[in-house]
Amino acid sequence: MSGTGVSEITVRPGAAEGLTVAVVSSTWNAEITDQLHTRAVETLREAGARVTEYRVAGALELPVIVAALLEVSDAVVATGCVIRGATVHFDHVCNSVTYGLTRCGLDAGRPVGNGVLTVDDVAQARDRAGLPGAAEDKGHDAAVAALHSALVLREIRGSGR
């Protein structure tokens, strides 16, 4: 993993006081998805957000749950792991999940942190999941993205416009 172009955005402890953020994770590839979920929850709690947690079977189930959670949350973090196989199923799942999560956020006007890994193999997933020795921590990154966007929206909407 190169990390090229990684964002320098951070969220300071306590900055998310008063925000409710849900984390929903698929259960396929549990070693990876459990870690992504845990890191997202830890990041949100460190920032002071009220966190609710949910699990779904697979990545394709994420968008419908995210849509429902956006009705009652300031932001949602979705995590999962789709590993390429020998068929085009990988492409269909990845495209559907990405489109679905993006549409959910746009329709609700609330941020969705997309922490769904789309990788060629388990080694790539492990290297992005924030496990010991990993190059990246995508559960944390997705939580920061959702929190930062929620804080920007709070600032915009609180401006009286």
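Keep in mind the model is a prediction, meaning the values are calculated, not measured. Every chain is numbered independently, its residues counted from 1 as its sequence is written. With pLDDT at 70 or above as the cut-off, local features in this predicted model cover only qualifying residues; side-chain atom pairs require 80 or more to be listed or tallied, and sums for whole chains, interfaces and linings still use all residues. Hydrogens and water molecules were not included; the side-chain quantities draw on all heavy atoms of the structure.

1. Some words on the sheet that holds strand β4 (residues 112-119)
Inference 1: What the four strands build is an open sheet, ordered β2-β1-β3-β4; its pairing is parallel. At either margin of the open sheet sits one strand with a lone partner, and together these are β2 (50-56) and β4. Pairwise comparison of adjacent strand axes, ignoring direction, gives a mean angle of 15 degrees for this sheet.
Inference 2: By this definition, two strands are paired if DSSP reports at least two bridges between them. Secondary structure elements are taken from DSSP: a helix is a run of H or I of four residues or more, a strand is a run of E of two residues or more, and numbering for both begins at the N terminus. As paired strands, strand β1 (residues 20-26) and β2 are joined by seven bridges and run parallel to one another. Counted as the bridge partner of V21 is V51 from β2.
Inference 3: Its contacts with the sheet place helix α3 (residues 89-108) against β3 (75-83) and β4, and it is angled at close to 175 degrees to β4. For helices, the axis comes from a line fit to the C-alpha atoms of the stretch in contact; other axes are also lines fit to C-alpha atoms, and the angle between any two N-to-C directions lies between 0 and 180 degrees. Contact between two residues is taken to exist if any of their heavy atoms lie within 4.5 Å; hydrogens are not considered.

2. Concerning the packing of helix α2 (residues 62-70) against α3
Inference 1: Where α2 meets α3, the closest approach of the two axes is 9 Å, and the angle between their N-to-C directions is 15 degrees. Between α2 and α3, the crossing angle belongs to the class labelled roughly parallel. Handedness of the α2/α3 crossing: right-handed. Here L62, P63, V66, A67 and L70 of α2 lie close against α3, whose contacting residues are V97, G100, L101, C104, G105 and A108. For classification purposes, angles smaller than 35 degrees are called roughly parallel, those larger than 145 roughly antiparallel, those between 65 and 115 roughly perpendicular, and all remaining angles oblique. A crossing counts as left-handed when the near helix is turned anticlockwise from the far one by less than a right angle, and as right-handed when that turn is clockwise.

3. Structural notes on the side chain of S25
Inference 1: Here S25 shows up in strand β1.
Inference 2: Each polar contact in these results corresponds to two N or O atoms within 3.5 Å; when the atoms are within protein, one needs to be able to donate a hydrogen and the other to accept it, and residues that are neighboring in sequence are counted only if both atoms are side-chain atoms. In terms of polar contacts, S25 uses its side chain to reach the side chain of H37, at 2.6 Å.

4. Things to note about the nonpolar core
Inference 1: Throughout this description, the term nonpolar core refers to a set of buried Ala, Val, Leu, Ile, Met, Phe, Trp, Tyr and Cys residues connected via side-chain atoms within 4.5 Å. Accessible area is worked out with a 1.4 Å probe on protein chains only. A residue is then buried under 20% of its type maximum, exposed over 50%, and partly exposed in between. Ranked by size, the top nonpolar core spans 21 residues in total, and within it V11, L19, V21, V23, L44, V77 and L147 carry the most contacts.
Inference 2: Listing elements by their share of this core, those giving two or more residues are β1, α1 (30-46), β3 and α5 (138-157).
Inference 3: Ranked by the residues each element gives to this core, the list is headed by α5, at seven residues.
Inference 4: If we ignore the near neighbours within four places in the chain, the residues touching L44 are V21, V23, A49, V51, V77, A143 and L147.
Inference 5: Listed in part, the 18 residues of the second largest apolar core include A59, L69, V76 and V116.

5. So, the pattern of salt bridges
Inference 1: By salt bridge we mean one thing: a side-chain nitrogen of Lys or Arg within 4 Å of a carboxyl oxygen of Asp or Glu. Counted by the stated rule, this structure contains eleven salt bridges.
Inference 2: Across the pair D91 and R84 runs a salt bridge, and its minimum N-O distance is 3.8 Å.
Inference 3: For R84, a relative accessible area of 39% corresponds to the partly exposed category.
Inference 4: Across the pair E136 and R128 runs a salt bridge, and its minimum N-O distance is 3.7 Å.
Inference 5: Residue classification places E136 among the buried residues on the basis of a relative accessible area of 16%.

6. What about the UniProt feature "binding site: (2S)-2-hydroxy-3-oxobutyl phosphate" (unreviewed entry) in the chain?
Inference 1: UniProt positions are given in the numbering used here, feature names are shortened, and annotations may be inferred rather than shown by experiment. Mapped onto the present numbering, the UniProt feature "binding site: (2S)-2-hydroxy-3-oxobutyl phosphate" (unreviewed entry) falls on A86, T87 and R128. Across 43 residues of sequence, these annotated residues are also dispersed in space, with a maximum C-alpha separation of 23.0 Å.
Inference 2: Accessibility expressed as a relative area gives 54% for T87, which makes it exposed.
Inference 3: Along the polypeptide, R128 turns up in helix α4 (residues 122-128).

7. Quick notes on the environment of G85
Inference 1: Inspection of the secondary structure assignment puts G85 in the loop between β3 and α3.
Inference 2: Residues G85 and A22, spaced 63 residues apart in sequence, show a C-alpha to C-alpha distance of 30 Å.

8. So, the pairing of β3
Inference 1: With eight of nine residues buried, β3 is to be regarded as a mostly interior element.
Inference 2: Bridging between β1 and β3 involves five bridges; their strand directions are parallel. Pairing of V24 across the sheet is with A78, part of β3.
Inference 3: As defined by bridge partners, β3 adjoins β4 across eight bridges and the pair is classed as parallel. Of the residues in β4, the one forming a bridge with V77 is G113.
Inference 4: With the strands pointing away from the viewer, any crossover whose connection runs clockwise from the first strand over the helix to the second is right-handed. After leaving β3, the chain enters α3 and then returns to the sheet as β4, a path that is right-handed.

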